[in-house]
Amino acid sequence: MAWYQVLVLGALLSVSWCTEDWTFPPGFKFGAATSAYQVEGAWNVSDKGESIWDRYTHTRPEDIADGSNGDVACDSYNLWQTDIDNMVDLGLHYYRFSISWSRLLPNGFANKISEDGARYYNNLIDGLLEKGIEPLVTLYHWDLPQNLQDLGGWTNPLIADWFSDYARVAYSLFGDRVKMWLTINEPMAICDVPYNAGAWAPGILSPDHGTHLCNKNLLLAHAKAYRVYDEEFRAMYNGEISLSNILFWFEPWTEDDHDLAELAIQYCAGRYSHAIYSKEGGWPPAIEKIMEENSKKKGYSKSNFPAFTQEEIEFIKGTFDYFALNFYGAMLVRAAEEGEQLGPWPFGDIPDINAVIGYRPEWPENIVSILGIYPEGLRKQLHWLKENYGDMKFLITENGYPTRGEPNDQDRIEYIEVHLREILLAIKEGINLTHYTVWSLMDNFEWADGYGTRFGLYEVDFNDPLRPRTPRDSAAFYAKVIKNHALDEE
Ligand code: NOJ
């Protein structure tokens, strides 16, 4: 039996729901996602400024599996109409894409708006709406203007002003038509990966300081951008805004690791969510305490986990209209043994909480191999969020499966299907989940994996200058789910 058959069977048996129908609630929406750097290409056309990913891939190609970059990527800067045609074929209700900050504001600051950048995103948004596809726009999907990085990027507290100025420009230009916004995509990938692990742009290793400064400044930047929307645009445009978190579900490795698993969830979800979504705001108390102890152990006189002032706590708290969740898989945690060597988070273990990461043998690993497939983890994660942060609207803003590119992608179909079943179960159990987004509409530049790892419902031929897109089997599957507004009965 293939891995996915085991999972489907498990899901069915766990609820003895085989005779019920698998219809999604009325109004439930299906979408697909991409991001600017991963698909647009045209990295230096017109007056577009350089981003940190332009700089990183051009200067450190050895850090990208195939030495590639996003200079051309899917060429969606030129082929966006083809992309929309494909979305129409899928029947998507919405398209999640991101704005390239340095395409819209070539030098990162709001004193100069690129006409070409504004034209490009206006065309894309209008083109989508003409076909009845809603735009769900992410303001920041990792491509910081390089000259802001030169000033310290996310470790400089002024980033909150720079980012909210940029957000204001985007709301004023597009807010009449864009009603769903995400400020920042996956803070953990912005702070933890570059500063904890020294990988990905800007690739600056600084686990004791960089990660934490980035974390705090990012929360403030999000909050400021949210408040700009709230105070200056909401009454006029009536949209909704949040940020999207990547969350891994953590299971205890042994009976003794329950508390540690909870701590790992606080570490992963809490550091980027507690300040925004919890009733009390600020850092998760357990994490703040551990970081202080760690700082002392490392010889610092005080915590290098930057405290919030009461004013900052109030400023960040409640800056959301929904919870947006990117979910791919789960991990096991156990306490490290005395003297055990730990890899860096998020590509190894979690040294900050002395935790070793592993995977259950029955959780299949995908080729990215940083997490195990455990669809039930998604439902558990949703319940955890509801219990800890309260009842609110949830959106899955990413979920997807990597392959090496084969057109008949049964694995991807089954992956999407088992996660959709968990979503339906979660909804039945009282979770207010309204949107599901496949990552990705099409193959694209998968960061340090280059073009070898493929997430697309559509295959893109990166060897062909015309970048043709070809639907995979998963595209037909997803189109059918959307059309039927239901999964097949098993
Ligand atoms: C997370 C990111 O948001 C996206 O950019 C990436 O390509 C996918 N997940 C897959 O790794």
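Please read these numbers as outputs of a predicted model, since none were measured by experiment.

(A) Structural context of the site of the ligand. For the ligand, the full set of nearby residues is Gln38, His141, Trp142, Asn185, Glu186, Tyr328, Glu398, Trp439, Glu446, Trp447 and Phe455. With respect to the ligand, the side chain of His141 contributes an N or O atom lying 2.8 Å from an oxygen atom. Glu398 has a polar side-chain atom sitting 2.6 Å from an oxygen atom of the ligand. Out of a free accessible area of 290 Å², the ligand has 91% covered by protein chains. Each residue belonging to the shell around the ligand can be placed in one class, and the counts come to five nonpolar, three polar and three charged.

(B) Structural view of the packing of helix H9 (residues 187-197) against helix H10 (residues 210-237). For the pair H9 and H10, the least separation of the axes is 8 Å and the interaxial angle reads 160°. Comparing the axis directions of H9 and H10 gives the class roughly antiparallel. Viewed along their axes, H9 and H10 form a crossing whose handedness is right-handed. Mapping the contact onto sequence places Pro187, Ile190, Cys191, Asp192, Tyr195 and Asn196 in H9 and Gly210, Thr211, Cys214, Asn215 and Leu218 in H10.

(C) A look at the packing of aromatic side chains. Applying the stated criterion across every chain yields a total of 47 aromatic pairs. Aromatic side chains Phe233 and Tyr237 sit 6.2 Å apart centroid to centroid with 20° between the ring planes, which places their arrangement in the stacked category. Placement of the pair is Phe233 and Tyr237 together in helix H10, with a separation of four residues, close to one helical turn. As far as burial versus exposure is concerned, Phe233 and Tyr237 are alike and both buried. In this structure an aromatic cluster arises from ring pairing among Tyr37, Trp53, Tyr56, Trp142, Trp200, Phe347, Phe445, Trp447, Tyr451 and Phe462. One Lys or Arg, Arg227, reaches over the ring of Phe315 and ends 5.2 Å from the middle of that ring. Here Arg271 stacks its cationic end above the ring of Tyr267, 3.9 Å away from the centre of that ring.

(D) Quick peek at unusual backbone geometry. The omega angle of the peptide bond from Trp345 to Pro346 is 5°, so this bond is cis rather than trans. Note on placement: Pro346 falls in the loop between strand S6 (323-335) and strand S7 (355-358). The phi dihedral of Asp75 is positive, around 60°, even though this residue is not glycine. Structurally, the position occupied by Asp75 is in the loop between helix H3 (52-59) and helix H4 (76-90). Asp75 gets classed as buried once you look at its relative accessible area, which sits at 15%. One non-glycine residue, Asn354, adopts positive backbone phi at about 60°. Among the secondary structure elements, Asn354 is positioned in the loop between S6 and S7. For Asn354, a relative accessible area of 42% translates into the label partly exposed.

(E) Representation of the state of the cysteines within the structure. Applying the stated rule across the entire model yields one disulfide. Each sulfur of the disulfide joining Cys191 and Cys214 lies 2.0 Å from the other. Where Cys191 bonds to Cys214 through sulfur, the torsion about that S-S bond is close to -75°, and the disulfide is left-handed. Within this pair, whereas Cys191 is found in helix H9, its partner Cys214 is found in helix H10, the two being separated by 23 residues in sequence. Looking at Cys191, the relative accessible area reads 0%, which means it is buried. Note on Cys268: no disulfide assigned, nearest cysteine sulfur contributed by Cys191 at a separation of 13 Å.

(F) Structural context of the nonpolar core. Ranked by internal contacts, the top residues of the largest apolar core, which has 160 residues, are Trp53, Trp154, Trp181 and Phe250. When near neighbours in sequence (up to four residues on either side) are disregarded, Phe250 contacts Ala261, Ala264, Ile265, Cys268, Met331, Val333, Trp345, Ile350 and Ile357. One finds Tyr94, Leu136, Met180 and Leu182 within the second-largest nonpolar core, a separate group that totals seven residues.

(G) Fine view of the pattern of salt bridges. Tallying each qualifying case throughout the model produces 33 salt bridges. Of the charged contacts, one joins Lys224 and Asp161 as a salt bridge, the two residues approaching to 2.6 Å between their closest N and O atoms. Linking Lys224 in helix H10 with Asp161 in helix H8 (residues 159-174), this pair joins segments that are 63 residues apart in sequence. A relative accessible area of 30% means that Asp161 is categorised as partly exposed. Overlapping salt bridges, with partners in common, bring together Asp126, Asp176 and Arg177 in one network.

(H) Inspection of the side chain of Ser474 at higher detail. Positionally, Ser474 belongs in helix H16 (residues 473-484). Only 2.5 Å separates the side chain of Ser474 from the side chain of Asp409, close enough to count as a polar contact. Those residues in contact with Ser474, other than ones at most four positions away along the chain, are Asp409, Arg412, Ile413, Gly456 and Leu457.

Quick notes on the rules
Residues numbered from 1 in each chain as written. Predicted model: local features only at pLDDT ≥ 70, side-chain atom pairs only at ≥ 80, totals over all residues. Heavy atoms only, no water. Near = heavy atom within 4 Å. Polar contact = N/O pair within 3.5 Å; in protein donor to acceptor, adjacent residues only side chain to side chain. Areas by Shrake-Rupley, 256 points an atom, 1.4 Å probe, with all protein chains shown as cover. Nonpolar A, V, L, I, M, F, W, Y, C, P; charged D, E, K, R; others polar. Axes fitted to C-alpha atoms, helices over the stretch in contact; angles between N-to-C directions. Helix = DSSP H or I, 4+ residues; strand = E, 2+ residues; numbered from the N terminus. Parallel < 35°, antiparallel > 145°, perpendicular 65-115°, else oblique. Left-handed = near helix turned anticlockwise from the far one by under 90°. Contact = heavy atoms within 4.5 Å. Phe/Tyr/Trp six-rings, centres within 6.5 Å; stacked < 30°, edge-to-face > 60°. Buried < 20%, exposed > 50% of the residue type's maximum accessible area, 1.4 Å probe, protein only. Lys NZ or Arg CZ within 6 Å of the ring centre and 35° of its normal. Disulfide = S-S within 2.5 Å. Core = buried A, V, L, I, M, F, W, Y, C linked by side-chain atoms within 4.5 Å. Salt bridge = Lys/Arg side-chain N within 4 Å of Asp/Glu carboxyl O.

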